[in-house]
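Descriptive structure summary
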Amino acid sequence: INHIVHNGGLYKRPFNEAFEETPMLVAVLTYVGYGVLTLFGYLRDFLRQWKIEKCQNATEREEQKDFVPLYQDFENFYNRNLYMRIRDSWNRPICSVPGAKVDMMERVSHDYNWTFTYTGRVIKDIINMGSYNYLGFAQKAGTCQEAAAKVLSQYGAGVCSTRQEMGNLDKHEELEKLVARFLGVESAMAYGMGFATNSMNIPALVGKGCLILSDELNHASLVLGARLSGATIRIFKHNNMQSLEKLLKDAIVHGQPRTRRPWKKILILVEGIYSMEGSIVRLPEVIALKKKYKSYLYLDEAHSIGALGPSGRGVVEYFGLNPEDVDVMMGTFTKSFGAAGGYIGGKKELIDYLRTYSHSAVYATSLSPPVVEQIITSMKCIMGEDGTTVGKARVQQLAENTRYFRRRLKEMGFIIYGNEDSPVVPLMLYMPAKIGAFGREMLKRNIGVVVVGFPATPIIESRARFCLSAAHTKEMLDTALKEISEVGDLLQLKYSRHRLVPLLDRPFDETTYEETED
C-alpha cells in the first residue's frame, strides 16, 4: 500500500510512504514455521520435565512449589524455545566507539545459546548498520570529544544530586537555553534519561478524568507513561487520521464513561519517526485535528530530531510547521547528538510546571557534565554556531544516504517499510528461521545489523532494521548493499512484487515501478 500525499492545503512537500502487503504464501509459511517451533517447544518442555533433556532455564525451587509461584514457567515458553535458538543475534558486545564501523568481541556457545564463552578474539571494522548514530557524533576524536574531555577535567563525571538540590550546574542552564533556541520554543528542560522523559512526565501532565489518544505503534516509554498517569487510554490505528478523528469526535460527544462529564484534557501522543516501521507522523493533519477539536499534542521526536528537516530541527521543520502548534515537544539526546538523556520543550508555563511536578526533575540525578558538553557542542555544530558548515553537511549527507540506500534495496526486490526520507529502514524477513540466519550471515560478511521479531513486531512481520548515518560513506553503503543482496538471494528474501527499475538517468527524487511476475 503506497501513501503519496500532495495536499496543497496541509503538506508543503511530497509525503511518500510504502507498506507493501505480505505475500500470501510467505504469511502462510511464517505461521507454519511458528507452529512447528511451538510444537517442538512443547515436546522439549515435556522432555525437560521428565529429566530426559537437561533443563537450563530458571525454575521454582522444590521447597517453594506449594507457594504462589513468583516465576511463571509458561510465560517464558517463547524465550526458552524460540528466542534461545537465535539469542546469538542480540546483545553482541562491542569494544569500540559505535561509529560507522565497530569492533566486536567474538563469542561462542557450546550449549545452544544458553551460555556464551569469549574466545579473546576481536572482530575488527564491522560496518555498523544498527546504531542510532544518525549524524555521526558518536566518535572518539574531534571537537565534541575534546570539549567533553575538558569539561570532565573541570567538573568531574557525576553530579551526585538532583537539579532541585545541589545538582543544578551552569552547564545545565546553558544546555536548556540552547535547546529552546534550537527548537524555536519559549523554554526547555533536560533530563538524564530519554525513556524516563516520557514515562515520568506524562503522569505529571494528565491524570484521572483525562483522555489519552495514543498511536498503536507508540514506543514503550509513551505506553508506560500513559499507564502510570491513571488517565483513560484509547488507541488509534497507526498514522490513520480517520481513526484519530473518530476517537476525538466520540470523546467530545460522549464525554467520560458513566458520568458523561466532559474530559478534563484530551492529549494526543505521537512520535516523529516510528522506530520499527520507519514511518513519519502525518503531523500537518494531526495539528489540524488538534486545533479543530481543542485537544493537546505531545510529540516524541526521539528519532526525528537531528535526522529530519533541512537544518536537523526535526519533523516540525520537515513539514514547515510552527513549533508553537505542538504543545509538548519531547526528544532525546541519545541518537543524533551521540550522548544521553532527553528534553521537553514548550511554553514557559509548561516547563515551570514540570520543574516542580515532574518526577524526573525532582528525584532523578542531574545529567553528567561531560555528557551535557557533548550535547552542547554537537547541537552548536548542527546550528552552525561553531563557525563551520560541518553540521549542515552532516544533515544533508544523512538525507542523501537515506534516499540512496532505500532506493537500492527496493531495486533489489526487498520489501522495505516506511517513508522515503526516514533513516530507519526496515527490511522484511517474515519467517522465524530467517531472523537468526540473516543476522549470522551478515556478521560473517562483517556487517552488523539489528534483527527484530515477535513480540517486538507482529508475528508475521519479523524484520531487519537498518539505521543510516551521516558517517557512512558511499563505499560502505555499497559494500553493505552488495552483501545484503547476496544474503537476500541465499535466504530468498526478495519478496517484493513491485521492483524499482534502476535507471541511471532517473532524477534523484523520482521513483518508477515495474510490475513483475509472481
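Scoring rules and cut-offs
- Residues numbered from 1 in each chain as written.
- Predicted model: local features only at pLDDT ≥ 70, side-chain atom pairs only at ≥ 80, totals over all residues.
- Heavy atoms only, no water.
- Helix = DSSP H or I, 4+ residues; strand = E, 2+ residues; numbered from the N terminus.
- Contact = heavy atoms within 4.5 Å.
- UniProt positions renumbered as here; feature names shortened; annotations may be inferred.
- Phe/Tyr/Trp six-rings, centres within 6.5 Å; stacked < 30°, edge-to-face > 60°.
- Buried < 20%, exposed > 50% of the residue type's maximum accessible area, 1.4 Å probe, protein only.
- Lys NZ or Arg CZ within 6 Å of the ring centre and 35° of its normal.
- Domains from an automatic or database assignment.
- Buried area = accessible area lost by both parts, 1.4 Å probe.
- Salt bridge = Lys/Arg side-chain N within 4 Å of Asp/Glu carboxyl O.
- Core = buried A, V, L, I, M, F, W, Y, C linked by side-chain atoms within 4.5 Å.
- Lys, Arg positive; Asp, Glu negative; His and termini not counted.
- Polar contact = N/O pair within 3.5 Å; in protein donor to acceptor, adjacent residues only side chain to side chain.
- Pairing = 2+ DSSP bridges.
- Axes fitted to C-alpha atoms, helices over the stretch in contact; angles between N-to-C directions.
- Parallel < 35°, antiparallel > 145°, perpendicular 65-115°, else oblique.
- Left-handed = near helix turned anticlockwise from the far one by under 90°.
- Expected span 1.5 Å × (residues − 1).
- Nonpolar A, V, L, I, M, F, W, Y, C, P; charged D, E, K, R; others polar.

What follows is about the overall build of the protein. In terms of helices and strands, the protein carries 15 helices and 18 strands. Based on the C-alpha atoms only, the size of the protein along its principal axes is roughly 70 × 65 × 60 Å. Look at the contacts in the protein between residues 6 or more apart in sequence, and 68% of them connect residues 24 or more apart.

For the rest of this paragraph, the subject is the UniProt feature "domain: Aminotransferase class I/classII large" (unreviewed entry) in the protein. As annotated by UniProt and renumbered to match this structure, "domain: Aminotransferase class I/classII large" (unreviewed entry) occupies residues 124–484. Annotation note: span residues 124–484, helix share 43%, strand share 17%, distance between end C-alpha atoms 19 Å.

Taken as a whole and assessed by the stated rule, the structure comprises 17 aromatic pairs. Measuring from centroid to centroid gives 6.4 Å for Phe46 and Trp50, while their planes differ by 55 degrees, and the two rings are tilted. Between Tyr78 and Phe454, the aromatic rings sit 5.6 Å apart at their centres with planes inclined by 75 degrees, giving edge-to-face as the arrangement. Here the residue Tyr78 occupies a position in helix α2 (residues 77–81), and Phe454 occupies one in the loop between β15 (450–452) and β16 (462–467), the gap between them amounting to 376 residues. Residue class for Tyr78 comes out partly exposed when judged on its relative accessible area of 23%. Members of the aromatic cluster, joined through ring pairs, are Tyr11, Phe15, Tyr318 and Phe319. A cation over a ring is seen here: Arg107 above Phe116, with NZ or CZ 4.1 Å from the ring centre. One Lys or Arg, Arg394, reaches over the ring of Phe137 and ends 4.4 Å from the middle of that ring.

Domain boundaries in the protein define domain 1 (20–128 + 389–498) and domain 2 (143–383). Contacts between the two partners involve 18 residues from domain 1 and, on the opposite side, 18 residues from domain 2. In total, domain 1 and domain 2 occlude about 1,300 Å² of area from one another, counting both sides; carbon and sulfur atoms represent 60% of this. Our count for the contact surface shared by domain 1 and domain 2 stands at 1 salt bridge.

Among the nonpolar cores identified, the biggest contains 106 residues, and Met129, Phe405, Leu409, Phe438 and Phe466 are the most heavily contacted of them. Met129 has contacts with Phe405, Ile447, Gly448, Val449, Arg465, Phe466, Cys467, Leu468, His472, Leu477 and Ala480, leaving out every residue within four places of it along the chain. The next biggest cluster of nonpolar side chains, apart from the first, holds 21 residues, and it includes Tyr191, Ala204, Leu205 and Ile212.

Below, the discussion takes up the UniProt feature "transmembrane region" (unreviewed entry) in the protein. Under the feature "transmembrane region" (unreviewed entry), the UniProt entry names residues 24–43. This span, residues 24–43, is 100% helix and 0% strand, and a straight line between its end C-alpha atoms measures 29 Å.

With that settled, the discussion passes to the side chain of Arg465. Along the polypeptide, Arg465 turns up in strand β16. Buried and without a salt bridge, Arg465 has Glu271 as its closest oppositely charged side chain, separated by 8.9 Å. Only 3.0 Å separates the side chain of Arg465 from the backbone oxygen of Ser275, close enough to count as a polar contact.

The subject of this paragraph is the pairing of strand β5 (residues 187–191). Burial of β5 is extensive: 5 of the 5 residues sit out of reach of the surface. Here β5 shows a buried face lined by Ser187, Met189 and Tyr191 and a second buried face lined by Ala188 and Ala190. Sheet topology note: the β5/strand β11 (residues 342–346) ladder contains 5 bridges and is antiparallel. From the neighbouring strand, Ala188 faces β11, where its bridge partner is Gly345.

Two elements in contact, helix α14 (residues 432–444) and helix α15 (residues 474–491), have axes whose closest approach is 10 Å; the angle formed by their N-to-C orientations is 140 degrees. Put simply, α14 runs oblique to α15. Classified by chirality, the crossing of α15 by α14 is right-handed. The residues of α15 that touch α14, namely those facing Lys434, Ala437, Phe438, Glu441 and Met442, are Ala480, Glu483, Ile484, Val487, Leu490 and Leu491.

Taken together, the 3 strands give an open sheet; going across it, the order is β3-β4-β14, and neighbouring strands pair in mixed fashion. Edge positions in the sheet fall to β3 (101–108) and β14 (447–448), since each has one partner strand and no second. Across 2 bridges, the pairing between strand β4 (residues 117–128) and β14 is parallel. Bridge pairing in β14 places Asn128 opposite Gly448.

Look at helix α5 (residues 194–205): 17 Å from first C-alpha to last across 12 residues, which is about the 16 Å you get at 1.5 Å a residue. In terms of burial, α5 is largely enclosed, as 9 of its 12 residues are buried.

Our next topic: the side chain of Asp421. Structurally, the position occupied by Asp421 is in the loop between β12 (418–419) and β13 (424–430). The exposure class assigned to Asp421 is buried, which follows from its relative accessible area of 12%. Polar side-chain contacts of Asp421 include one of 2.8 Å to the side chain of Arg403. In this structure Asp421 touches Arg13, Ile280, Leu308, Tyr318, Thr402 and Arg403, once residues within four positions along its chain are discounted.

What the 3 strands build is an open sheet, ordered β13-β16-β15; its pairing is antiparallel. Single-partner strands in this sheet number two, and they are β13 and β15. Averaged over all pairs of adjacent strands, the angle between their axes in this sheet comes to 25 degrees, without regard to strand direction. Where β13 meets β16, 6 bridges bridge the pair, whose relative direction is antiparallel.

Packing of helix α13 (residues 390–412) against α15 brings their axes to within 11 Å, and their N-to-C directions diverge by 20 degrees. Between α13 and α15, the angle is such that the two are roughly parallel. Here α13 runs over α15; the crossing is right-handed. Across the interface between the two elements, Asn401, Tyr404, Phe405, Arg408, Leu409 and Met412 from α13 touch Lys474, Leu477, Asp478, Leu481, Ile484 and Ser485 from α15. Looking at side-chain class alone, the contact of α13 with α15 contains 7 nonpolar, 2 polar and 3 charged residues.

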